[in-house]
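Summary of structural features
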Amino acid sequence: MTTARPPRAPGYRLTLAGQVISPELDARLMRLRLTDRRGLEADQLDITLSDHDGRLALPRHGAELTLALGWQDAGLVERGTFIVDEVEHSGAPDVVVIRARSADMRRQLPGKRSQGWHELTLGDIVTTIARRHDLEPAIGTTLQGVYVEHADQTDESDLHFLTRLAEQYDAIATIKAGRLLFMAAGQASTASGRAIAPVTLRRHHGDSHRYVEADRDAFTGVLAYWHDPDAAERREVIAGSDENLKRMRHTYASRDDAASAAKSEWQRIQRGGAECSLTLAEGRPDLYPETPVRLAGFKATIDAVAWLVTEVTHDLSDMAYISGVQMEVRDSGSYSPRQGTFEQD
């Protein structure tokens, strides 16, 4: 006769201005939700507390929170520092909702500027912007030496310019722990090129899942235009094959820029061939965006794909801790859609 395992107890540690406050909040905590995103979009922490007795003080805007969460029998995982930017009080019953965003991304690289970037590498550009904002640059090894003939930053913030640059080169730009990271998307590696350890998620780990397979073959390639100043003509460059092309609207300053943009868009289209989301019955505090995942116990088609985490949500209450995971195809070589037939797995 087997004995059922007792339910695990979730745990968390919350500090406010350096002071641990989680013990005092235990009886009031209704929900704690952390949304961890990739790229230049701030991670968000939402805390819902009961104020049934009216004794709960409201935190000031700009207050600093740090969070660790996990399971009491396995230890807690540090999840970063957040700045309070919204406080809501509603009732009855009286409830306080605190919303905070990741401290690094609160900086937003402020200030609009106009600047021409000419005959530089991506490493040069990212390093210049990082130092301008007292950040440490961390550029992916595959992007460090990529040559940029010309790029215009016209009356826009460094944040907006970096977002455009990352989109053009199929990269991820983000700020973590005082570092400005600029690395290739979908590579399951850190900016230094170190591989991120993969995890395996099995069917019995989840409460629910959703898999969507799109017709990636709707496009067979991407066409981008560039201006040839010598011939005073608009020319074309293609990534993929030319059977059914997606045409990019922008005209680039050089052939290299157009080729990079076409390649990046083609890679994005291929990664978008399928997507999968899971709700894990037991939260995984060690899951982050860009973590490579293998699925097991689903359909053979789903299990065969190499997945990559794009967003993780952590939901914790006094009784439960669950995680929601959104994933895309890690690389084009790991996904082969079925061609108009149905076969039983």
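Look up a bit, the structure's there.
What this report covers is the structure whose coordinates are included nearby. Predicted, not measured: the structure shown is a model, and the values here were computed from it. (Residues numbered from 1 in each chain as written. Predicted model: local features only at pLDDT ≥ 70, side-chain atom pairs only at ≥ 80, totals over all residues. Heavy atoms only, no water.)

**Observations concerning the overall build of the protein**
Each helix and strand counted, the protein has 5 helices and 21 strands in total. Looking at the protein as a whole, 46% of its 345 residues qualify as buried. Sequence-distant contacts in the protein: of pairs separated by 6 or more residues, those separated by 24 or more amount to 64%. Accessible area for the protein stands at about 17,800 Å²; split by element, carbon and sulfur atoms hold 48% of it. (Helix = DSSP H or I, 4+ residues; strand = E, 2+ residues; numbered from the N terminus. Buried < 20%, exposed > 50% of the residue type's maximum accessible area, 1.4 Å probe, protein only. Contact = heavy atoms within 4.5 Å. Areas by Shrake-Rupley, 256 points an atom, 1.4 Å probe, with all protein chains shown as cover.)

**Structural notes on the sheet that holds strand 12 (residues 179-184)**
Read from one edge to the other, the open sheet built from 3 strands follows the order 9-12-11, with strand pairing classed as mixed. Each edge of the open sheet is held by one strand with a lone partner, namely strand 9 (136-139) and strand 11 (171-176). Strand-to-strand twist in this sheet, taken as the mean axis angle between neighbours without regard to direction, amounts to 15°. As paired strands, strand 11 and strand 12 are joined by 6 bridges and run antiparallel to one another. What sits directly across from I175, in strand 12, is L180. Of the strands in this sheet, strand 9 and strand 12 are in contact with helix 2 (residues 122-132), which crosses strand 9 at around 155°. Taken strand by strand, helix 3 (residues 158-168) contacts strand 11 and strand 12, and its axis lies near 20° from that of strand 12. (Pairing = 2+ DSSP bridges. Axes fitted to C-alpha atoms, helices over the stretch in contact; angles between N-to-C directions.)

**Examining helix 3**
Looking only at helix 3, the buried set comprises D158, L159, F161, L162, L165, A166 and Q168. Just beyond helix 3, the residue with positive phi is D170, at close to 50°.

**Overview of helix 4 (residues 255-271)**
Every α-helical turn comprises 3.6 residues, leaving residues that sit three or four positions apart pointing alike. Here helix 4 spans 24 Å end to end across 17 residues, near enough to the 24 Å set by a 1.5 Å rise per residue. What helix 4 keeps buried is the set D257, A258, S260, A261, A262, S264, E265, W266, I269, Q270 and R271. (Expected span 1.5 Å × (residues − 1).)

**Digging into the packing of aromatic side chains**
The full count for this structure, using the stated rule, is 3 aromatic pairs. Both rings, one in Y211 and one in W307, keep their centres 6.1 Å apart while their planes meet at 90°; by these two values the pair is edge-to-face. Of the two residues, Y211 is situated in strand 14 (residues 206-213) and W307 in strand 20 (residues 307-316); the sequence distance between them amounts to 96 residues. When its relative accessible area of 22% is taken as the criterion, Y211 is described as partly exposed. One residue, R234, lies across the ring of Y225, its end atom 3.7 Å from the ring centre. (Phe/Tyr/Trp six-rings, centres within 6.5 Å; stacked < 30°, edge-to-face > 60°. Lys NZ or Arg CZ within 6 Å of the ring centre and 35° of its normal.)

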